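These are the residues of each chain, in order.
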Amino acid sequence: MLDQKVADLLNEQINKEMYSAYLYLDFANFYTHKGLNGYANWYNIQAKEEMDHAMGILQYLQDNDYAVTLSAIDKPAKELNHLDDPLKYGLEHEQYVTSLIHTIYDAAYEVRDYRTMKFLDWYVSEQGEEEKNATDLLTQFELFGHDPKSLYSLNNELTQRTYTQASILNAD
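Procedures and definitions
- Residues numbered from 1 in each chain as written.
- Predicted model: local features only at pLDDT ≥ 70, side-chain atom pairs only at ≥ 80, totals over all residues.
- Heavy atoms only, no water.
- Core = buried A, V, L, I, M, F, W, Y, C linked by side-chain atoms within 4.5 Å.
- Buried < 20%, exposed > 50% of the residue type's maximum accessible area, 1.4 Å probe, protein only.
- Helix = DSSP H or I, 4+ residues; strand = E, 2+ residues; numbered from the N terminus.
- Contact = heavy atoms within 4.5 Å.
- Phe/Tyr/Trp six-rings, centres within 6.5 Å; stacked < 30°, edge-to-face > 60°.
- Lys NZ or Arg CZ within 6 Å of the ring centre and 35° of its normal.
- Salt bridge = Lys/Arg side-chain N within 4 Å of Asp/Glu carboxyl O.

Novice: Account for the nonpolar core, with residues named and values stated.
Specialist: Membership of the largest hydrophobic core comes to 24 residues, with the highest contact counts inside it found for Tyr-24, Phe-27, Tyr-31, Tyr-39, Tyr-43, Leu-87 and Leu-137. Taken together, the elements giving at least two residues each to this core come down to α1 (4-33), α2 (37-63), α3 (85-110), α4 (114-144) and α5 (148-158). For this core, the leading source of residues is α1, giving eight residues. Those residues in contact with Phe-27, other than ones at most four positions away along the chain, are Tyr-43, Leu-80, Pro-86, Tyr-89 and Gly-90. Grouped together as the second largest cluster of nonpolar side chains are 23 residues, Val-6, Leu-61, Ala-107 and Met-117 included.

Here's what the structure looks like:
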């Protein structure tokens, strides 16, 4: 049986992951309107991945007899004015999500919930990857994105990204 505090934090994290998807859809929309379909593609795929993350947590809670309670998803409140705004906000947001995962991990550790800690190991690793990707996107834009030909090349490169369902949804 899950510790109530740990279970409640996981339940809240479902909403945070769905908010992440909403935020990234907003970023994709911004880039679509700017004519940068590669960047839009990147964030549309990010949105799908965030929904996978939410579904993984939901499934874990259900598998552990916790009655999941879904709550409203906030509207993204970031104002997007410059082409690098979503990249900056994306990195900032991934760092925030990492802190949330760490908080849940700490709560599980406090009550020696090793099963949940093992489950969260995937999310800890995933957040490392998410932060690196966000950092790389921002760094590449800062280096090359102000030159139209380079921005065109970066944008084209991002159109090649394809969606792959998160492995957490296939875990035992």
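Once you've had a look at it, read on.
Novice: Can you break down the packing of aromatic side chains residue by residue, with the values?
Specialist: Counted by the stated rule, this structure contains 10 aromatic pairs. An angle of 90° between the planes, with centres 5.2 Å apart, marks the rings of Phe-27 and Tyr-43 as edge-to-face. A residue pair is termed long-range when its members are at least 10 positions apart, and Phe-27 in helix α1 and Tyr-43 in helix α2 qualify at 16 residues. Looking at Phe-27, the relative accessible area reads 0%, which means it is buried. Taking the centre distance of 6.5 Å and the plane angle of 85° together, the rings of Tyr-39 and Phe-141 count as edge-to-face. Taken together, the residues span a long stretch of sequence, with Tyr-39 in helix α2 and Phe-141 in helix α4 at a distance of 102 residues. There is no split in this pair, since Tyr-39 and Phe-141 are both buried. Members of the aromatic cluster, connected to one another through ring pairs, are Tyr-24, Phe-27, Phe-30, Tyr-31, Tyr-39, Tyr-43 and Phe-141. The residue whose ring lies beneath Lys-48 is Tyr-163, and the NZ or CZ to ring-centre distance is 5.5 Å. If you follow Arg-112 out to its NZ or CZ, it ends over the ring of Tyr-109, 4.5 Å from the centre.

Novice: I'd like a description of the pattern of salt bridges, backed by residues and values.
Specialist: In this structure the tally under the stated criterion is four salt bridges. Residue Glu-92 pairs with Lys-78 through a salt bridge whose shortest N-O separation is 2.9 Å. Note that Glu-92 is positioned in helix α3 and Lys-78 in the loop between α2 and α3, a separation of 14 residues in sequence. Owing to a relative accessible area of 42%, Glu-92 belongs among the partly exposed residues under this scheme. Two residues, Asp-136 and Lys-132, come together in a salt bridge whose shortest N-O distance is 2.7 Å. Of this pair, Asp-136 and Lys-132 both sit in helix α4, four residues apart, roughly one helical turn. In this structure Asp-136 comes out as partly exposed when scored by relative accessible area, which is 30%.

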